[in-house]
Amino acid sequence: MTAEPGDSRLLLVMAHPALEKSRTNHLLWDSVRELPGLTALDLYETYPRFAINVTAEKSRLVAHDVIALQFPLYWYAMPALLKEWFDLVWLHGFAYGKGGTRLAGKRLLVTCTTGGPAQAYHALGYNHFTMEEFLRPLEQTADLCGMVWETPFVIHGARTKSNETIIQEAGRYRARLEGLIHSSQSAGT
């Protein structure tokens, strides 16, 4: 069940180019997309040819209090269609800059998965940088747009986790999104 925009507080934007092949992202997505107060948007399903409906996407963003992004970290960045979505929709005069206050005050949550273990993501790890550093461009985007940056929800080593562990992570994820939905409902009343 996808909530009607007027009733929904949280927009969850999934960006996985092969969601059907992803055990972790697929389970996370399935565990939350029917939550009351949540609008679920699968970018690769909605825009398989990257022909983004900018007007519709701006309306979606405006209609929600919390914007949540879910994606696998690919080559230390977000998948291509999510980047395209940002480039075309989060424009000067809309999301930031002169007159660009449409996202101000909204919250931004990033949920991402990595193939490598947590210890790979620090100065002495084989990736040499922390997840905070890899996600810094999104944090800066939130700041530029006047949004509140939520602590990211990161699952490391997604390919090697047991099904039981992924199910536990999905429960934590669901609780995190429910908390964001409920807190935005409280703030809106």
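Structure: above.
Here is a short report on the structure shown in this document. (Residues numbered from 1 in each chain as written. Predicted model: local features only at pLDDT ≥ 70, side-chain atom pairs only at ≥ 80, totals over all residues. Heavy atoms only, no water.)

**Regarding the pairing of strand E3 (residues 66-72)**
1) Next: Here E3 lies mainly inside the structure; seven of its seven residues are buried.
2) Next: Residues Val 66, Ala 68, Gln 70 and Pro 72 point to one face of E3 and Ile 67, Leu 69 and Phe 71 to the other, with burial holding for every one of them.
3) Next: Pairing analysis gives five bridges linking strand E1 (residues 10-14) to E3, with the strands arranged parallel. The residue of E3 that forms the bridge with Leu 10 is Val 66. (Buried < 20%, exposed > 50% of the residue type's maximum accessible area, 1.4 Å probe, protein only. Helix = DSSP H or I, 4+ residues; strand = E, 2+ residues; numbered from the N terminus. Pairing = 2+ DSSP bridges.)

**Overview of the side chain of Thr 24**
1) Next: As for its placement among the helices and strands, Thr 24 is situated in helix H1 (residues 23-32).
2) Next: Using a relative accessible area of 3% as the deciding quantity, one classes Thr 24 as buried.
3) Next: Setting aside residues no more than four positions away along its own chain, Thr 24 makes contact with Thr 113, Ile 155, Ala 158 and Ile 166. (Contact = heavy atoms within 4.5 Å.)

**A closer look at the packing of aromatic side chains**
1) Next: As enumerated under the stated definition, the model contains eight aromatic pairs in all.
2) Next: With a centroid separation of 5.9 Å and 80° between ring planes, the pair formed by Tyr 121 and Phe 134 is classed as edge-to-face. With a gap of 13 residues between them, Tyr 121 in the loop between strand E4 (107-113) and helix H5 (131-134) and Phe 134 in helix H5 connect regions that are remote in the sequence.
3) Next: The exposure class assigned to Phe 134 is buried, which follows from its relative accessible area of 17%.
4) Next: Both rings, one in Phe 153 and one in Tyr 173, keep their centres 5.2 Å apart while their planes meet at 40°; by these two values the pair is tilted. (Phe/Tyr/Trp six-rings, centres within 6.5 Å; stacked < 30°, edge-to-face > 60°.)

**What to know about the pattern of salt bridges**
1) Next: For the structure on display, the rule yields nine salt bridges.
2) Next: Taking the shortest distance from any N to any O, the salt bridge between Arg 60 and Glu 57 comes out at 3.0 Å. Pair noted here: Arg 60 and Glu 57 are both in helix H3 (residues 54-62), with a separation of three residues, about one helical turn.
3) Next: Between Glu 169 and Arg 172 there is a salt bridge whose closest N-O contact spans 2.7 Å. In this pair, Glu 169 and Arg 172 both sit in helix H7 (residues 163-188), three residues apart, roughly one turn of the helix. (Salt bridge = Lys/Arg side-chain N within 4 Å of Asp/Glu carboxyl O.)

**Here's the deal with the nonpolar core**
1) Next: Of all hydrophobic cores here, the largest spans 35 residues; its most connected members are Leu 43, Leu 61, Leu 69, Phe 71, Leu 82, Trp 85 and Trp 90.
2) Next: The leading source of residues in this core is helix H4 (residues 80-89), at five residues.
3) Next: Excluding residues within four positions of it along the chain, Leu 43 makes contact with Val 13, Met 14, Ala 15, Pro 48, Leu 81, Leu 82 and Trp 85.
4) Next: The next biggest cluster of nonpolar side chains, apart from the first, holds 20 residues, and it includes Leu 109, Tyr 173, Leu 177 and Leu 180. (Core = buried A, V, L, I, M, F, W, Y, C linked by side-chain atoms within 4.5 Å.)

**Some details on the layout of surface pockets**
1) Next: Of the volumes computed, that of the largest pocket is approximately 270 Å³.
2) Next: Lining of the largest pocket is provided by 15 residues; of these, His 16, Pro 72, Thr 113, Ala 158 and Arg 159 occupy positions nearest its centre.
3) Next: The element that contributes the greatest number of residues to the lining of the largest pocket is H1, accounting for three residues.
4) Next: Classifying every residue of the lining of the largest pocket by side-chain character gives five nonpolar, seven polar and three charged. (1 Å grid on protein atoms, 1.4 Å probe; cavity = no way out; pocket = protein on both sides within 12 Å on 5 of 7 lines; lining within 4 Å. Points joined across faces, edges and corners; volume = space filled by probe spheres on them. Nonpolar A, V, L, I, M, F, W, Y, C, P; charged D, E, K, R; others polar.)

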